[in-house]
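Structural overview for review
Spelled out from the first residue to the last, the chains are:
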Amino acid sequence: MPIIDFETNGTLIPSDTWKELKATFTVSPKLASNGDPGEKRYNIDALKWHADSGRSFFKFVVQTENDIDEIVE
């Protein structure tokens, strides 16, 4: 079976199809410095799914020191 990795901003919970295929996910949540409003950048349920899935890896684009504080939060 091929290995499939998706890059996502982490705002959607993957469908059962991708879960069954054992896909992995590179999750890059958008931070406040991106300029988008929080309700567009974050879906707490989706981020929690990724954090708990055992098959997601997080990647962050850091532009300022405040970004680091936001990641830790």
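Details of the structure are given in the entry above.
Let me begin by describing the structure that accompanies this report.

Each value, and the rule that gives it
Residues numbered from 1 in each chain as written. Predicted model: local features only at pLDDT ≥ 70, side-chain atom pairs only at ≥ 80, totals over all residues. Heavy atoms only, no water. Helix = DSSP H or I, 4+ residues; strand = E, 2+ residues; numbered from the N terminus. Contact = heavy atoms within 4.5 Å. Polar contact = N/O pair within 3.5 Å; in protein donor to acceptor, adjacent residues only side chain to side chain.

1. Thoughts on the environment of K59
Mapped onto the fold, K59 is located in the loop between β3 (56–58) and α4 (65–72). For K59 and K19, which are 40 residues apart along the polypeptide, the C-alpha to C-alpha distance reads 20 Å. The contact partners of K59, leaving out residues within four places of it in the chain, are E7, T26, V27, S28 and P29. At 2.7 Å, the side chain of K59 and the side chain of E7 are in polar contact.

2. Quick look at the side chain of S56
In this fold, S56 is placed in strand β3. Engagement of the side chain of S56 in a polar contact is seen with the side chain of H50, the distance being 2.7 Å. A polar atom in the side chain of S56 sits 3.2 Å from the side chain of S53. Those residues within four positions of S56 in sequence are excluded, and the remaining contacts are F25, V27, W49 and H50.

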